[in-house]
Amino acid sequence: MAEGSSIEGTDNDAGVFDGVMDGRSEVRLAYVPQSADILVGLRVRERIKRTGLVLRWVFLALWAGQWLLSTMGRGSIDVVSTVLFLFVVLFVWGYPRLQAAHVQRLVGWQGEYHATVSPDGITCRNDHSTLAQKWSLFQGYRETAGHFVLLSRDPNIMCLDVLPKQAVQGAGGIDRLRALLDEHTTRV
């Protein structure tokens, strides 16, 4: 089947949500996912979950201790240990950025996303897929300076929705979006 075509008898837009949409109660967003947006979502997840953050810092502290003990034991700085320690520091600092770049490679090729946030949930469409998520999927959201980050209920928070504020269409859209999020999920 050619891309963009549909099979007769299917309606890709109908049945996504059973509710009737009121144009005033929904907010539309149009954006191309950026690595910086994804990084914001990963940082919010990290602050709420804390496990990965603690493990990374413990790992860094262990390497720092190993480097310090080996340096003190020898009485001089070992080049190999120092290079490995600097690599670990760089890795711990850069790991969230590597994750964001990886996710960007996974979703970036799909082009522009069109999200609709309504009382029924969030529907996100692009040229290749449509994803409908009901509010029951989310444990809550966190607002940052430039984004709304929705977090899934699963214990590992494996699903994130990052909604850039700059992508909100229409006057007063950010306030309506915030009101919808407050009404259907909680701030975390």
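It should be noted that the structure appears before, not after, this text.
A look at the overall build of the protein chain
Summing up its helical and strand segments, the protein chain has four helices and seven strands in all. In the protein chain, the succession of helices and strands from N to C terminus is β-α-α-α-β-β-β-β-β-β-α. Among the 188 residues that make up the protein chain, the fraction classed as buried is 34%. In the protein chain, the share of contacts with a sequence separation of at least 24, taken over all contacts with a separation of at least 6, comes to 59%. Accessible area of the protein chain: about 11,500 Å², with a carbon and sulfur share of 60%.

Some thoughts on the pattern of salt bridges
Note on pairing: side chains with opposite charge can pair once their charged atoms come close. Scanning the entire structure with this criterion turns up eight salt bridges. Its salt-bridge partner being arginine 187, residue aspartate 182 comes within 3.3 Å of it at the nearest N-O pair. Of the residues examined, arginine 187 reaches a relative accessible area of 46% and is grouped as partly exposed. Residues joined in a network through salt bridges with shared partners are Glu143, Lys165, Asp175, Arg178, Asp182 and Arg187.

Digging into the sheet that holds strand E3 (residues 121-125)
Pairing is antiparallel in the open sheet, where four strands are placed in the order E1-E2-E3-E4. The sheet is open, and its two borders are formed by strand E1 (27-31) and strand E4 (130-134), each paired with just one other strand. Pairs of neighbouring strands in the sheet enclose a mean axial angle of 15°, with direction left out of account.

Here's the deal with the packing of helix H1 (residues 35-49) against helix H3 (residues 79-107)
Two elements in contact, H1 and H3, have axes whose closest approach is 8 Å; the angle formed by their N-to-C orientations is 125°. One element, H1, and the other, H3, form an angle in the oblique class. When the axes of H1 and H3 are compared, the crossing they make is right-handed. Only Pro96, Arg97, Gln99, Ala100, Ala101, Val103, Gln104 and Val107 of H3 make contact with H1, whose side of the interface consists of Ser35, Ile38, Leu39, Leu42, Arg43 and Glu46. Of the residues assigned to the contact of H1 with H3, the class counts are eight nonpolar, three polar and three charged.

Here's the deal with the packing of aromatic side chains
A complete count under the given rule lists six aromatic pairs for this structure. Where phenylalanine 87 meets phenylalanine 91, the ring centres are 6.5 Å apart and the plane angle is 25°; that geometry is what we call stacked. Of the two residues, phenylalanine 87 and phenylalanine 91 both sit in helix H3, four residues apart, roughly one turn of that helix. A network of ring pairs unites the aromatic residues Phe87, Phe91 and Tyr95 as a single cluster. It is arginine 97 that lies over the ring of tryptophan 93; its NZ or CZ is 4.1 Å from the centre. Here the guanidinium or amino end of lysine 165 rests over the ring plane of phenylalanine 148, the centre of that ring lying 5.1 Å away.

Points about unusual backbone geometry
One non-glycine residue with positive phi stands out, namely isoleucine 157, at about 50°. Residue position: isoleucine 157 is located in the loop between strand E6 (147-152) and strand E7 (160-164). For isoleucine 157, a relative accessible area of 4% corresponds to the buried category.

Scoring rules and cut-offs
Residues numbered from 1 in each chain as written. Predicted model: local features only at pLDDT ≥ 70, side-chain atom pairs only at ≥ 80, totals over all residues. Heavy atoms only, no water. Helix = DSSP H or I, 4+ residues; strand = E, 2+ residues; numbered from the N terminus. Buried < 20%, exposed > 50% of the residue type's maximum accessible area, 1.4 Å probe, protein only. Contact = heavy atoms within 4.5 Å. Areas by Shrake-Rupley, 256 points an atom, 1.4 Å probe, with all protein chains shown as cover. Salt bridge = Lys/Arg side-chain N within 4 Å of Asp/Glu carboxyl O. Pairing = 2+ DSSP bridges. Axes fitted to C-alpha atoms, helices over the stretch in contact; angles between N-to-C directions. Parallel < 35°, antiparallel > 145°, perpendicular 65-115°, else oblique. Left-handed = near helix turned anticlockwise from the far one by under 90°. Nonpolar A, V, L, I, M, F, W, Y, C, P; charged D, E, K, R; others polar. Phe/Tyr/Trp six-rings, centres within 6.5 Å; stacked < 30°, edge-to-face > 60°. Lys NZ or Arg CZ within 6 Å of the ring centre and 35° of its normal.

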